[in-house]
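Below, each chain spelled out in residue letters.
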There are 2 protein chains.
Amino acid sequence: MEAGHHAPSVGYMQPWRFIRITDQAQRTKLHSIIDAERLLTAETLNERSKEFMRLKIEGILDCTEVLVVVLADQRENHILGRRTMPEMDLASTACAIQNMWLTARAEGLGMGWVSFFEPEKLIQLLNMPDDSQPIAILCLGPVDKFDDKPLLEKTGWAKRENLQALVFENSWNERIKNATK
Amino acid sequence: MEAGHHAPSVGYMQPWRFIRITDQAQRTKLHSIIDAERLLTAETLNERSKEFMRLKIEGILDCTEVLVVVLADQRENHILGRRTMPEMDLASTACAIQNMWLTARAEGLGMGWVSFFEPEKLIQLLNMPDDSQPIAILCLGPVDKFDDKPLLEKTGWAKRENLQALVFENSWNERIKNATK
């Protein structure tokens, strides 16, 4: 959390809040919320449903630490850098989570970001203010090994894109002509 | 961009696209878009307007490289981890940008994330598809020095929050009672 708290934030608003789950009953309820959404996602995926159901998408009952990351209440007071882009509070908090991810990895710990939940259910379960917003359930702890590829690549769910295909020059879909200016 | 492209992404969707600005005319137009938003933000800030106008919020005409970071078109095809949380595409791309930020810093380069713009104006200027979304104008390059504190802290715009005040246990606003489980 120290690493996360040192992330940059829009207008220095530091919108991140952390709810550490130490109560086993709360953890079990979080798991139920995630599992309900997992089944609804499977239905939506149609022909890829069975393939999806074989994927590990959370480790909430097995991991050492569970942290819920939340965008703070009263964020509308922060205008700098957000007048036309209010979602920069989420962007800042994602930067904080990426800091935590890299820090965990550097310390030999695994981390998973679970986004399988109805936000409203978390708001109720964790007594959050209506104008706050849960964005992540983080599962943290030791792992048996680190895979050499992302799980979804290894299982054939998706492929890594070629970076060249994602980079344009001066205009959408215009390819880079020179490697240097 | 290589570091950014290695960020984790929801459902491995890799939603980031990069538009490298090498054309001076495009750079000048981007600057005009930013400056227009800067003035509108100043108006909105009322009593803090003058203080705001003294802040450096972009370096677009001075920096070495300008990259516009965009959320790809056709993102609605990606459901895994986004059925209830579609904004996870932005979160993933922010993780990519944080990777780029840390990489730049490790290489002695400064980076700024500018979010002062009307998204619609960038979509027009850069011929972007309607269902894509610009989220950052990144200014990159060598800097005279790295400040020991965030600029907005140094100038007194805002203070660093005490991390303890941002961490709860099991429920919003419930303070941590024990340091360990």
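Structure's up top.
Rules used in this analysis
- Along each chain, residues carry numbers from 1 onward, in the same order as the chain's sequence is written.
- Each chain takes a letter, starting from A, and each ligand takes a number, starting from 1, following the order in which they are written.
- It should be noted that, the model being predicted, local features are given only for residues of pLDDT at least 70 and side-chain atom pairs only at 80 or more, the latter also being counted only at that level, while totals for whole chains, interfaces and linings use all residues.
- Three exposure classes are used, based on other C-beta atoms lying within 10 Å of a residue's own C-beta, which is placed from the backbone: buried for 20 or more, exposed for 12 or fewer, and partly exposed in between.
- Only runs of H or I of at least four residues qualify as helices and only runs of E of at least two qualify as strands under DSSP, and these elements are numbered from the N terminus.
- At least two DSSP bridges between two strands are required for those strands to pair.
- Where helices are involved, their axes are fitted lines through C-alpha atoms of the stretch in contact, as for all axes, and angles between N-to-C directions lie from 0 to 180°.
- Any two residues are considered in contact once their C-beta atoms, placed from the backbone, lie within 7 Å.
- The span expected for a helix works out to 1.5 Å for each residue beyond the first.
- For this quantity, the arc is that covered by the directions from the helix axis to the C-beta atoms.

*Asks:* Teacher, can you tell me more about the pairing of strand β1 (residues 16-21) of chain A here?
*Replies:* Each regular strand carries side chains that alternate between the two faces of the sheet. With respect to burial, β1(A) is a largely interior element, 5 of its 6 residues being buried. With 6 bridges connecting them, β1(A) and strand β2 (residues 65-71) of chain A associate as antiparallel partners. Within β2(A), the residue paired with A:Ile19 across the bridge is A:Val68. Where β1(A) lies against strand β5 (residues 167-169) of chain B, 3 bridges are found, and the strand directions are parallel. Looking across to β5(B), one finds that A:Arg20 is bridged to B:Glu169.

*Asks:* Any chance you could explain the sheet that holds strand β5 (residues 167-169) of chain A here in plain terms?
*Replies:* Hydrogen bonds along the backbone pair up the strands of a sheet, which may run parallel or antiparallel. In spatial order, the strands read β5(A)-β1(B)-β2(B)-β4(B)-β3(B); together these 5 strands make up an open sheet with mixed pairing. The open sheet terminates on both sides in strands that have one partner only, identified here as β5 of chain A together with β3 (109-114) of chain B. In this sheet, neighbouring strand axes are inclined to one another by 25 degrees on average, regardless of whether the strands run parallel or antiparallel. Strand direction decides the pairing type here: strand β2 (residues 65-71) of chain B and strand β4 (residues 133-142) of chain B, joined by 7 bridges, are antiparallel. Bridged to B:Val70 within β4(B) is B:Pro134. Lying over the sheet, helix α2 (residues 24-44) of chain B contacts β1 (16-21), β2, β3 and β4 of chain B, oriented at roughly 115 degrees with respect to β1(B).

*Asks:* Would you mind showing me how to read helix α2 (residues 24-44) of chain A here?
*Replies:* Side chains of residues three or four places apart in an α-helix project in the same direction, reflecting 3.6 residues per turn. Residue and element names in this part refer to chain A. Its 21 residues place the ends of α2 31 Å apart at the C-alpha level, agreeing with the 30 Å of an ideal helix rising 1.5 Å per residue. What α2 keeps buried is the set Leu 30, Ile 34, Glu 37 and Thr 41. For α2, the buried positions fall inside an angular range of 65 degrees around the axis, keeping them on one side. Of the exposed residues in α2, those oriented more than 90 degrees away from the buried face are Gln 24, Ala 25, Thr 28, Ser 32, Leu 39 and Glu 43. Each element contacted by the buried residues of α2 is listed here: β1, α3 (49-53), β2, β3 (109-114) and β4 (133-142). One or two residues past the end of α2 sits Asn 46, with phi positive at roughly 50 degrees.

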